[in-house]
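Given next are the chains, with one letter for each unit.
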Amino acid sequence: MGRPYGRGALAATPSRDYVGSVRVDILSKEYPPQIYGGAGVHVSELVRALRSRGDIDVQVRCFGPPRDEHGTFGYADLSELGGANPAIRTLGVDLAMASDCIGADLVHSHTWYANMGGHLASLLAGVPHVVTAHSLEPLRPWKAEQLGGGYAVSSFAERVAYESAAAVVAVSAGMRADVLKSYPSVDPARVHVVHNGIDSELWKPDTTDLARDVVRKHGVDPDKPSVLFVGRITRQKGLPYLMRACAQLPPEVQVVLCAGAPDTPEIQHEVEDLLEALRRTRSGVVMIAEMLPRSEVVALLTAATVFACPSVYEPLGIVNLEAMACETAVVATATGGIPEVVVDGETGWLVPIEQVDDGSGVPVDPDRFVADLAAALTEAVSDADRAAAFGRAGRARAVEHFSWSSIGDQTLAVYQSVLA
């Protein structure tokens, strides 16, 4: 049932007379050029899709320096909170963003970093707050290792926002189930599934000589089989499990790890130790710690035999869509929203996992998970023709089911439901 917010409903289709009559403020920690994860990609592409319609005024409020983009505003940390816990510094930015949302008809926040900003803006302006669930704090207990007592603060901010939101957008059916399990007081009717998307024109195979030279520049032979990982060094991404599994691969297979931005010194040291051990037993192990431009990631994806996603927590996994759009087969954990993207035996291999039921996502039997992951990767690199066929099927699926124009329309439908 709709709530009595705002000044009117959104048009179902763009109308010249309607242009600019509804303003939506989107709040996010990440926004170009400062993007380091799937949530940032989602926000960037969603904003582009919404603005391209022409029937809605979209303003973006994001963390960091000023942005050179009309209708987009950056908010730096408050200097007075320079020595505070990171979670407290985050709330300082939220306060600044919330006060500037006056005049919006709806606010839409992404991740806990911006959730409190959206919640406070909703209270200040008397407008609906829509939250998109990219991840959930109760299912990321390892963040206590990163934030200390700030994890309790981030969990509080997220819980208040979700329980008060006019609508919650879950990026997968698996995430919707997690939202309702984590926050049982949230009305199921307010939780909508809108998948992440992919721009299949930006993400497509690049087999040019220039792209192959880029691959060689990073120390990878494009003519030899390779397993590729792209992601942050966090507990949820499961990189240590992958590195252990790669020790069991055929010796001619290259292991390419585009992995940076470690959450904590502890996991950084763990990955460094595993990298050293891996390099002692095999050649062709490449670690790329810096964030690469999209064109270089595309080149590496195109050259890879298989893309590996060993996550123990993944609400959907845009990175799998990016790999599929580049016609690369995927080996991924059968957890969260991943099975909604990767079709086992058609676009890749899903690796079974039994997980501890404490929110951590840790495998009940880590050795079994590593062995199953190694077996799937070995099968993928041992049959290049089959992997290539899976890659072609993956791109077809990404193009057909995960376009950003469709995701924009579905998001607008959620806006309409709370503005009606």
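Further up the page is the structure itself.
The structure presented is a predicted model; accordingly, all values stated were derived computationally and were not measured.

Novice: Explain the overall build of the chain to me, please; I cannot follow it from the model alone.
Specialist: Along the chain, the regular secondary structure elements total 14 helices and 13 strands. Across its three principal axes, the chain shows a C-alpha extent of roughly 65 × 45 × 40 Å. Here the chain holds 420 residues, and the buried ones make up 55% of them. Counting contacts in the chain only where the partners sit at least 6 residues apart, residues at least 24 apart contribute 69% of the total. Seen as two clouds, the 35 positive and the 52 negative side-chain charges of the chain have centres 2 Å apart.

Novice: Looking at this model, I keep getting lost on the sheet that holds strand β3 (residues 72–75). Mind explaining?
Specialist: Backbone hydrogen bonds hold the strands of a sheet together, and the pairing may be parallel or antiparallel. As summarised here, the arrangement of the 7 strands in space is β3-β2-β1-β4-β5-β6-β7, forming an open sheet in which the pairing is parallel. The two strands at the open ends of the sheet, each matched to only one other strand, are β3 and β7 (191–193). Recorded for the sheet is a direction-independent mean angle of 20 degrees between the axes of neighbouring strands. Pairing of strand β6 (residues 167–170) with β7, which is carried by 3 bridges, proceeds in the parallel orientation. Paired with valine 168 across the bridge in β7 is valine 191. Contacting β1 (23–28), β2 (57–63), β3, β4 (106–110) and β5 (129–133), helix α1 (residues 38–53) crosses the sheet at an angle of about 160 degrees to β2. In the packing of helix α5 (residues 150–164) onto the sheet, the strands contacted are β5 and β6, and the crossing angle to β5 comes to about 120 degrees.

Novice: So what exactly am I meant to see when it comes to the environment of valine 414 here?
Specialist: For valine 414, the location among the structural elements is in helix α14 (residues 404–419). In the structure, valine 414 is positioned 288 residues away from glycine 126 in sequence and 18 Å away in space, judged by C-alpha atoms. Among residues more than four places away in sequence, those in contact with valine 414 are Val130, Ala167, Val169, His192 and Val194.

Novice: Looking at this model, I keep getting lost on a nonpolar patch on the surface. Mind explaining?
Specialist: A cluster of nonpolar residues, Val356, Val362 and Val364, forms a patch on the protein surface that exposes about 200 Å² of accessible area. Tracing the backbone through its elements, the reader meets valine 356 in the loop between β13 (348–351) and α12 (366–382). For valine 356, a relative accessible area of 33% gives the class partly exposed.

Novice: Mind showing me how you'd approach the nonpolar core here?
Specialist: The nonpolar side chains of a soluble globular protein tend to be buried with one another. One finds Val227, Leu239, Leu242, Val331, Trp349 and Leu377 to be the most contacted residues of the largest nonpolar core, which totals 38 residues. Of the residues forming this core, the biggest block, 8 residues, is contributed by α12. Dropping the residues within four chain positions of it, tryptophan 349 is found in contact with Ala329, Val330, Val331, Ala332, Asp344, Ala376, Glu379, Ala380, Arg386, Ala387 and Phe390.

Novice: I'm lost on the side chain of glutamate 322 in this one. Help?
Specialist: With respect to the helices, strands and loops of the structure, glutamate 322 is situated in helix α11 (residues 318–325). Here glutamate 322 is buried and forms no salt bridge, its nearest opposite-charge partner arginine 294 lying at an N-O distance of 8.2 Å. Beyond its immediate stretch of four places on either side in the chain, glutamate 322 contacts Val41, Ile198, Trp203 and Leu301.

Novice: So what exactly am I meant to see when it comes to the sheet that holds β13 here?
Specialist: As summarised here, the arrangement of the 6 strands in space is β10-β9-β8-β11-β12-β13, forming an open sheet in which the pairing is parallel. Every interior strand has two partners, whereas the edge strands, β10 (285–288) and β13, have only one. Averaged over all neighbouring strand pairs, the angle between strand axes comes to 15 degrees, with direction disregarded. As paired strands, strand β12 (residues 329–333) and β13 are joined by 4 bridges and run parallel to one another. The residue bridging valine 330 from the neighbouring strand is glycine 348, located in β13. Against the sheet, helix α8 (residues 239–246) contacts β8 (226–232), β9 (254–260) and β11 (306–309), and its axis sits at roughly 165 degrees relative to β9.

Novice: Mind showing me how you'd approach the pairing of β4 here?
Specialist: Here is the key point about a regular strand: its side chains alternate between the two faces of the sheet. Counting buried positions along β4 gives 5 out of 5 residues, so the element sits mostly inside the fold. Alternating residues of β4 divide into Leu106, His108 and His110 and Val107 and Ser109, and every residue in both groups is buried. In the sheet, β1 pairs with β4 via 5 bridges, with the strands oriented parallel. Within β4, the position partnered with aspartate 25 by the bridge is valine 107. Relative to β5, β4 is paired through 4 bridges, and the arrangement is parallel. Bridge pairing in β5 links serine 109 to valine 131. Considered for its hand, the β-α-β crossover made up of β4, helix α3 (residues 111–125) and β5 is right-handed.

Novice: Is there a simple way to explain the pattern of salt bridges in this structure?
Specialist: Tallying each qualifying case throughout the model produces 21 salt bridges. With its nearest N and O atoms 3.5 Å apart, the salt bridge here joins aspartate 77 to arginine 89. Of this pair, aspartate 77 sits in the loop between β3 and α2 (86–99) while arginine 89 sits in helix α2, and the two are 12 residues apart along the sequence. Taking the relative accessible area as the measure of exposure, arginine 89 reaches 23% and is therefore partly exposed. Across the pair lysine 217 and glutamate 296 runs a salt bridge, and its minimum N-O distance is 3.0 Å. Taken as a pair, lysine 217 in helix α7 (residues 209–217) and glutamate 296 in helix α10 (residues 294–303) lie far apart in primary sequence, 79 residues in all. Residue classification places lysine 217 among the exposed positions, given a relative accessible area of 54%.

Novice: Help me understand the packing of α11 against helix α13 (residues 384–401) in this model?
Specialist: What describes two packed helices is the angle between their axes and the distance between those same axes. At their nearest, the axes of α11 and α13 sit 7 Å apart, and the two run at 115 degrees to each other. Taken as a pair, α11 and α13 cross one another with a handedness that is left-handed. Between α11 and α13, the contacting residues are Leu321, Met324 and Ala325 on the first element and Gly391, Gly394, Arg395, Arg397 and Ala398 on the second. Within the contact of α11 with α13, the residues separate by chemical class into 4 nonpolar, 2 polar and 2 charged.

Novice: Hey, could you run me through the environment of glutamate 340 in this one?
Specialist: Along the chain, the position of glutamate 340 falls in the loop between β12 and β13. Linking glutamate 340 and glycine 174, residues 166 residues apart in sequence, is a C-alpha distance of 8.4 Å. Apart from residues lying up to four places away in sequence, glutamate 340 is in contact with Ser172, Ala173, Gly174, His195, Arg397 and Phe402.

How each quantity is defined
Residues numbered from 1 in each chain as written. Predicted model: local features only at pLDDT ≥ 70, side-chain atom pairs only at ≥ 80, totals over all residues. Heavy atoms only, no water. Helix = DSSP H or I, 4+ residues; strand = E, 2+ residues; numbered from the N terminus. Buried < 20%, exposed > 50% of the residue type's maximum accessible area, 1.4 Å probe, protein only. Contact = heavy atoms within 4.5 Å. Lys, Arg positive; Asp, Glu negative; His and termini not counted. Charge placed at Lys NZ, Arg CZ, Asp CG, Glu CD. Pairing = 2+ DSSP bridges. Axes fitted to C-alpha atoms, helices over the stretch in contact; angles between N-to-C directions. Patch = residues over 30% accessible without salt bridge, like charges linked within 9 Å, V, L, I, M, F, W, Y side chains within 5 Å. Areas by Shrake-Rupley, 256 points an atom, 1.4 Å probe, with all protein chains shown as cover. Salt bridge = Lys/Arg side-chain N within 4 Å of Asp/Glu carboxyl O. Core = buried A, V, L, I, M, F, W, Y, C linked by side-chain atoms within 4.5 Å. Right-handed = clockwise from strand over helix to strand, strands pointing away. Left-handed = near helix turned anticlockwise from the far one by under 90°. Nonpolar A, V, L, I, M, F, W, Y, C, P; charged D, E, K, R; others polar.

Keep in mind that these numbers describe shape and distance, not what the molecule does.
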